[in-house]
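# What the coordinates show
The lines below spell out each chain.
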Amino acid sequence: MKKDYFEQIRNGSEIPFKEQLRIIVMLSIPAIFSQITTVIMEYVDQSMVGRLGPDPSAAIGLVSSTTWLVGGICRAVSTGFNVQVAHSIGAKNDAKARAIVKHGLVSVLAFSITIAILCVSISAYLPYWLGGGESIASQAATYFRIFAFALPLMHISMTSSGMLQCSGNIRTPSILSIIGCFLNVILNFILIFPTRSIIFFGTPIVVYGAGLGVAGAALGTALSEGSIGLSMLYFLLVRSPLLHLRKEKSLPFTLDELGTAVKIAVPVGIEQGIMGCGYVMATRIVSPLGNISLAANSFSITAEGLCYMPGYGIASAATALIGQSLGAGRKKLANRLGWLATALGMLVMTGTGILMYIFAPQLLALLTPDPEIQALGAMVLRIEAFAEPMFAASIVGTGVFRGAGDTLGPSVINFISMWAVRITLASFLAPRIGLRGVWLAMCIDICVRGALFLLRLYRKPVGSATIVKA
């Protein structure tokens, strides 16, 4: 019979150090594989667009920072409810957890529809606000508009995934995410390119395609995200042993529940807004450097994802573990798990950073055939490789503090590092040394941010956090 690690936490069982480490590793592995697969599929996605030339790649790269901003704000709203689910399950108040699921899903759907309408209304103007030229503005606007139409289902997907993870089910969201990535690649293969003939084992085969270019890339992502969003919702509301819908006394949406959601979500929303606006500003800084630099910047960000996605996998496991530990009143265990998860993330990302430094040229060659973009992208990737251990500290540290419902401190840290360090330095260095200066500023920013997260973890243990009353 498979061991339920979260049941050990909820029941107050004694968990030795080696078992604690094993719990983190075993829960992180599915999420890590999911994150890595996501990046690999993004590689294939970007590689397909890269075959169309620098302008389509630059068009997607131009609005990608804004899609991160919008996605981050939506993720903040989800976090306000997901953390409450973890705390309620940890306290063995499953009925309240199920009520929070229902209230949370309705809230995030209403929020994302509102944001989607706003995004559609600004889509035609956004590329120009970001400094894009006429050659890429139309394609960038189309990509962003399709993203906006898909946003409600994408938001439901990320919320359902987070709730499943906080209930202790890390595997199902990870598997669905992997399926979604493969579906995205298949749809992009059909939608991006026109009908063409390929040689398969010496035999010419006609492959039918829509030839939609950048619009096809956006549509493929939208369709795959929508499909996985509905699947994620099914596993949450029908198949989840703890959270599925059932006949029981309905609990009302209380002011305390809303207040807690707001208390958790607002700092995360501010943080995501700060970081997202920082990414948008960074795009503004890169745009005057030309389409080659803009494309190299976009491809390098995708390439780096393979390095830092394991950190996000460990952070997902940490959020669930810390949330349920504190919900069960096990503060010392929460502290130990928080430090162990952070140390594991730093160790893993040190290894991936070394690999990224060594294989930077090969990673860029997979994404684009343009030798100028490859050379520039490989150069900036090698700068960023030195920051990966501290990047892990900030990524996993954020997951640890979110599990505790402590979102204000990380928001302040991210604000300081992004605007006082990265944007200030990038603005100064970009006109002087080009894209290399932007990524050098990013490297310094991440090192400062990671150090601040480690200091906060030491000065304010997660066990001191005030949790949701179950």
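Residues numbered from 1 in each chain as written. Predicted model: local features only at pLDDT ≥ 70, side-chain atom pairs only at ≥ 80, totals over all residues. Heavy atoms only, no water.

### Brief notes about the environment of leucine 245
Structurally, leucine 245 is set in the loop between helix H8 (214–239) and helix H9 (255–286). Leave out the neighbours within four places in its chain, and leucine 245 touches Lys102 and Leu237. (Helix = DSSP H or I, 4+ residues; strand = E, 2+ residues; numbered from the N terminus. Contact = heavy atoms within 4.5 Å.)

### Let's talk about the pairing of strand E2 (residues 203–210)
Relative to E2, strand E1 (residues 194–200) runs antiparallel, the two sharing 6 bridges. When the sheet's bridge partners are listed, isoleucine 199 is paired in E2 with proline 204. (Pairing = 2+ DSSP bridges.)

### Brief notes about the packing of helix H10 (residues 291–327) against helix H12 (residues 371–384)
At a minimum axis separation of 8 Å, H10 and H12 run at an interaxial angle of 50°. Between H10 and H12, the angle is such that the two are oblique. Crossing of H10 over H12 shows right-handed handedness. Along its contact with H10, which presents Ile292, Ser293, Ala295, Ala296, Phe299, Ser300, Ala303 and Glu304, the element H12 presents Glu372, Ile373, Leu376, Gly377, Val380, Leu381 and Glu384. (Axes fitted to C-alpha atoms, helices over the stretch in contact; angles between N-to-C directions. Parallel < 35°, antiparallel > 145°, perpendicular 65-115°, else oblique. Left-handed = near helix turned anticlockwise from the far one by under 90°.)

### Here's the deal with the nonpolar core
In this structure, Leu381, Leu435 and Trp439 are the most contacted members of the largest nonpolar core, which totals 74 residues. If we skip the residues at most four places from it in the chain, leucine 435 touches Val286, Leu289, Ser293, Ala296, Asn297, Leu376 and Val380. If you look at the next biggest cluster of nonpolar residues, it comprises 31 residues, including Tyr5, Ile24, Leu27 and Leu337. (Core = buried A, V, L, I, M, F, W, Y, C linked by side-chain atoms within 4.5 Å. Buried < 20%, exposed > 50% of the residue type's maximum accessible area, 1.4 Å probe, protein only.)

### Examining the packing of aromatic side chains
Applying the stated criterion across every chain, the model contains 7 aromatic pairs. Between the aromatic rings of tyrosine 308 and tyrosine 312, the centroid separation amounts to 5.8 Å while the plane-to-plane angle is 70°, which identifies the pairing as edge-to-face. Taken together, the residues span about one helical turn, with tyrosine 308 and tyrosine 312 both in helix H10 at a distance of 4 residues. Its relative accessible area of 13% is what places tyrosine 308 among the buried residues. For tyrosine 312, a relative accessible area of 34% gives the class partly exposed. Three or more aromatic residues link up through ring pairs in this structure, and these residues are Tyr308, Tyr312 and Phe391. The lysine or arginine in question, arginine 382, covers the ring of tyrosine 357, its NZ or CZ lying 5.2 Å from the ring centre. Looking at arginine 456, its charged tip hangs above the ring of phenylalanine 401, at a distance of 5.4 Å from the centre. (Phe/Tyr/Trp six-rings, centres within 6.5 Å; stacked < 30°, edge-to-face > 60°. Lys NZ or Arg CZ within 6 Å of the ring centre and 35° of its normal.)

### Some thoughts on a nonpolar patch on the surface
Among the surface-exposed residues, Phe253, Leu255, Leu258, Val262, Val266 and Ile270 lie close enough to one another that they form a single nonpolar patch of about 550 Å² accessible area. Looking at where valine 266 falls in the secondary structure, it is placed in helix H9. You can call valine 266 partly exposed: its relative accessible area is 41%. (Patch = residues over 30% accessible without salt bridge, like charges linked within 9 Å, V, L, I, M, F, W, Y side chains within 5 Å. Areas by Shrake-Rupley, 256 points an atom, 1.4 Å probe, with all protein chains shown as cover. Salt bridge = Lys/Arg side-chain N within 4 Å of Asp/Glu carboxyl O.)

### Remarks on the pattern of salt bridges
Where side chains of opposite charge bring their charged atoms close, a pairing between them can arise. All chains considered together, the criterion is met by 4 salt bridges. In this structure, arginine 422 engages aspartate 445 in a salt bridge whose closest nitrogen and oxygen atoms are separated by 2.7 Å. Taken together, the residues arginine 422 in helix H14 (residues 408–433) and aspartate 445 in helix H15 (residues 435–459) connect sequence positions 23 residues apart. The exposure classification of arginine 422 matches that of aspartate 445, with both residues buried. Among the ionic pairs, aspartate 445 bridges to arginine 449, the shortest N-O distance being 2.7 Å. Placement of both aspartate 445 and arginine 449 in helix H15 is noted, with a separation of 4 residues, approximately one turn of the helix. Both residues of the pair, aspartate 445 and arginine 449, count as buried. Beyond isolated ion pairs, a larger network of salt bridges with shared partners links Asp406, Arg456 and Lys460.

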